[in-house]
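Fold and geometry: a report
Chain by chain, the residues:
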Amino acid sequence: MNKSEIIKSIENAELRETPLEFNVGDTVRVSAKIKEGNRERIQVFEGTVIKVQGTGSRQTFTVRKNSNGVGVEKTWPVNSPLVEKVDVVRRGKVRRAKLYYLRDRVGKAAKVKEIVK
């Protein structure tokens, strides 16, 4: 086995058993573990997925929300043990892979259309 095969086998061992199912443009509720001193709690972050990048164990996703008029973005590794679960609140209809244009928009203009089934 060469180095790249060893690295791939280690990375594949770190993958989640059940993959997260969401896309760019979806509104998601991310439950993340927060450690404060010796206590651990779960904090919920709800916003729009503006990008998903990488593959395998290095895959990350970024969620953006407006909090008191200030835009807040957080990036999490998909396979992190700190990400408890990701719930899809709303499915978004977008035609881009990265929604950086939402950073310049405020209020209703920052909304993503919902997929109606």
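About the cut-offs
Residues numbered from 1 in each chain as written. Predicted model: local features only at pLDDT ≥ 70, side-chain atom pairs only at ≥ 80, totals over all residues. Heavy atoms only, no water. Helix = DSSP H or I, 4+ residues; strand = E, 2+ residues; numbered from the N terminus. Buried < 20%, exposed > 50% of the residue type's maximum accessible area, 1.4 Å probe, protein only. Contact = heavy atoms within 4.5 Å. Areas by Shrake-Rupley, 256 points an atom, 1.4 Å probe, with all protein chains shown as cover. Core = buried A, V, L, I, M, F, W, Y, C linked by side-chain atoms within 4.5 Å. Pairing = 2+ DSSP bridges.

Let's shift gears to the overall build of the chain. Helix and strand content of the chain: 1 helix and 5 strands. In terms of overall dimensions, the chain has C-alpha extents of about 55 × 40 × 30 Å along its principal axes. In the chain, which comprises 117 residues, the proportion classed as buried is 25%. Counting contacts in the chain only where the partners sit at least 6 residues apart, residues at least 24 apart contribute 52% of the total. Total accessible area computed for the chain in this model is approximately 8600 Å², and 48% of it derives from carbon and sulfur atoms.

Note that soluble globular proteins tend to have their nonpolar side chains buried in a common cluster. One finds F22, V28, V30, A32, F45, V49, F61, V63, W76, V78, V83 and V86 forming the largest nonpolar core, which totals 12 residues. Only β1 (27-36), β2 (39-53), β3 (60-67) and β5 (83-90) provide two or more residues apiece to this core. In terms of residue count, β1 provides more of this core than any other element does, 3 residues in total. Each residue touching V63, except ones within four places of it in the same chain, is listed here: V28, V30, F45, G47, T48, V49, V72, E73, K74 and W76.

Relative to the helices and strands, G69 resides in the loop between β3 and β4 (70-77). Among the residues examined, G69 registers a relative accessible area of 72% and is labelled exposed.

Looking at chain direction, β1 and β2 are connected through 10 bridges and run antiparallel. The partner of K35 across the bridge, within β2, is E40. Between β1 and β2, which pair antiparallel one after the other, the connecting turn spans 2 residues, and G37 there sits at a positive phi close to 65°. Two strands pair when backbone bridges link them, and β2 and β3 are joined in this way by 5 bridges, in the antiparallel orientation. Paired with V52 across the bridge in β3 is F61. In this structure, the hairpin formed by β2 and β3 is closed by a connection of 6 residues, where G54 is found at a positive phi of approximately 85°.

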